[in-house]
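Observations on the model geometry
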Amino acid sequence: MSLVRIFFFALLLVVLCGNNAQSQEPASHGVVPLHTMPPEQWVEKVWGDSNKAGEPFVIRIHNDAGYIVLPYVPPIDENITIVRGGWSVGMGRRFSRSALEPVELGTFAIVPKNMAHFAWSKSETIIQVHGIGPFSSTVIDPVYELTDKGVFMLTSLLQPGRPTSSSPPDCFALRIGARVHGEAGEGVVVGARCSPANQLTQYWVRKPNSERFWATREQLKPL
């Protein structure tokens, strides 16, 4: 056997052994506990990157009690597990309480790619979503958001909006700082979201103990 052939087989053996050793290395793993999110945190990145195309991801979305997820269309199959609280989901391009289907703690739900849907949080809720990126929550119709920094127009429920100098005149009957009472208790308005297309405004209320809840104008009584 020539030296060249011996060298070739030796090199091949090294490559094969190297590949075999590589394939036997244990895959990385991780454990991500369920956290209590601060009041103003909407999303927690759990695993992967939901913004990257083709990359698996897991995120957790926090909704305070009473929050209405306005209709939006996911660009991917949305795999949902309720890990805290109680939630309801409905299909369609307009929010309708009669179309809501309960998704209780520990329940799994799937919303197919490009299917318009909406939701409502019966209690403070954490929703775990997994899928293959990119994930977004682009709303079907514009949403106006009232904050202590002014009014913003949202095109995505989970991304910052852009400032706007005006909003429909019937959007925000209550202002930031207004004292109100509702079924969940009384407190001060700290934010609001208005969807003219859905004829709906929901207010974010902070109670004296710092707990927060959402309620529509019809569910609140000014103090």
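Just so you know, the residues in each chain are numbered from 1, in the order the chain's sequence is written. Two thresholds apply to this predicted model, a pLDDT of at least 70 for residue-level local features and 80 or more for giving and counting side-chain atom pairs, whereas whole-chain, interface and lining totals are computed over all residues. Just so you know, side-chain values use all the structure's heavy atoms and leave hydrogens and water out.

**Some remarks on the overall build of the protein**
- Numbered from the N terminus, helices here are DSSP runs of H or I no shorter than four residues, and strands are runs of E no shorter than two. Across its full length, the protein carries 1 helix and 17 strands.
- Only protein chains enter the accessibility calculation, which uses a 1.4 Å probe. A residue is then buried if its area is under 20% of the maximum for its type, exposed if over 50%, and partly exposed in between. Within the protein, buried positions represent 40% of all 223 residues.
- Sequence-distant contacts, at least 24 apart, represent 61% of the contacts inside the protein between residues at least 6 apart.
- To measure how exposed things are, a 1.4 Å probe is used in the Shrake-Rupley method; for residues, cover is taken only from the protein chains shown. Carbon and sulfur atoms provide 57% of the accessible area of the protein, an area that totals close to 12,700 Å². We call two residues contacting when some pair of their heavy atoms lies within 4.5 Å.

**Section: the sheet that holds strand β7 (residues 108-111)**
- Taken in spatial order, the 5 strands make up an open sheet running β1-β2-β9-β4-β7, and their pairing is antiparallel. The open sheet terminates on both sides in strands that have one partner only, identified here as β1 (43-48) and β7. Between one strand axis and the next, the sheet turns by 25° as a mean value, whatever way the strands run.
- Being paired, for any two strands, means DSSP has found at least two bridges between them. Pairing of strand β4 (residues 78-84) with strand β9 (residues 125-132), which is carried by 5 bridges, proceeds in the antiparallel orientation. Directly across from asparagine 79, in β9, lies its bridge partner histidine 130. Axis definition: a line fitted to C-alpha atoms, over the contacting stretch in the case of helices. Angles run 0 to 180 degrees between N-to-C directions.

**Some words on the nonpolar core**
- Val69, Ile80, Trp87 and Val129 are the most contacted members of the largest nonpolar core, which has 31 residues in total.
- Considering each element in turn, this core owes the most residues, 4 residues, to strand β3 (residues 68-72).
- Among all residues touching valine 129, those that are not within four sequence positions of it are Phe57, Val58, Ile59, Ile61, Glu78, Asn79 and Ile80.
- Note on terminology: a nonpolar core comprises buried Ala, Val, Leu, Ile, Met, Phe, Trp, Tyr and Cys residues joined through side-chain atoms within 4.5 Å. Counting residues in hydrophobic clusters, the runner-up holds 16 residues, among them Leu146, Leu174, Val180 and Phe213.

**Some details on the pattern of salt bridges**
- By convention in these notes, a salt bridge is any Lys or Arg side-chain nitrogen within 4 Å of a carboxyl oxygen on Asp or Glu. Throughout the structure, instances matching the rule amount to 7 salt bridges.
- For the salt bridge of glutamate 145 with arginine 193, the shortest nitrogen-to-oxygen distance reads 3.2 Å. Remark: arginine 193 occurs in strand β14 (residues 185-195) and glutamate 145 occurs in strand β10 (residues 138-147); sequence separation between them is 48 residues.
- Lysine 149 is the salt-bridge partner of aspartate 148, the closest N and O atoms lying 3.6 Å from each other.
- By relative accessible area, aspartate 148 is classed as exposed at 61%.

**Observations regarding the side chain of arginine 193**
- According to the relative accessible area criterion, arginine 193 is buried, its value standing at 3%.
- A polar side-chain atom of arginine 193 sits 2.8 Å from a polar atom in the side chain of tyrosine 67.
- Pairs of N or O atoms are called polar contacts if they sit within 3.5 Å, as long as, within protein, a hydrogen donor faces a hydrogen acceptor (for residues adjacent in sequence, only side-chain-to-side-chain pairs). A polar contact of 3.2 Å, which involves the side chain of arginine 193, links it to the side chain of glutamate 145.
- Residue contacts for arginine 193: discarding those within four places in its chain leaves Trp42, Tyr67, Val143, Tyr144, Glu145, Leu154, Leu157, Phe172, Leu200, Thr201, Gln202 and Trp214.

**Points about the confidence of the model for the protein**
- In the predicted model, the protein carries a mean pLDDT of 88, and 87% of its residues have values of at least 70.
- Per residue, pLDDT captures the predictor's confidence, and it can take any value from 0 to 100. Between residues 3-25, whose pLDDT stays under 50, and residues either more than four places distant or in other chains, the model counts 2 contacts.

**Concerning unusual backbone geometry**
- Here the bond from glycine 133 into proline 134 is cis, since omega is 5°, no more than 30 degrees from zero.
- Residue placement: proline 134 occurs in the loop between β9 and β10.
- For serine 210, which is not glycine, the phi torsion reads 80° and is therefore positive.
- Residue position: serine 210 is located in the loop between β15 (200-206) and β16 (212-216).

**Digging into the pairing of strand β2 (residues 56-63)**
- Among the 8 residues of β2, 7 are classified as buried, and the element is accordingly described as predominantly covered.
- Here β2 runs beside β9; their pairing, made up of 8 bridges, is antiparallel. If you follow asparagine 63 over to β9, its bridge partner there is threonine 125.

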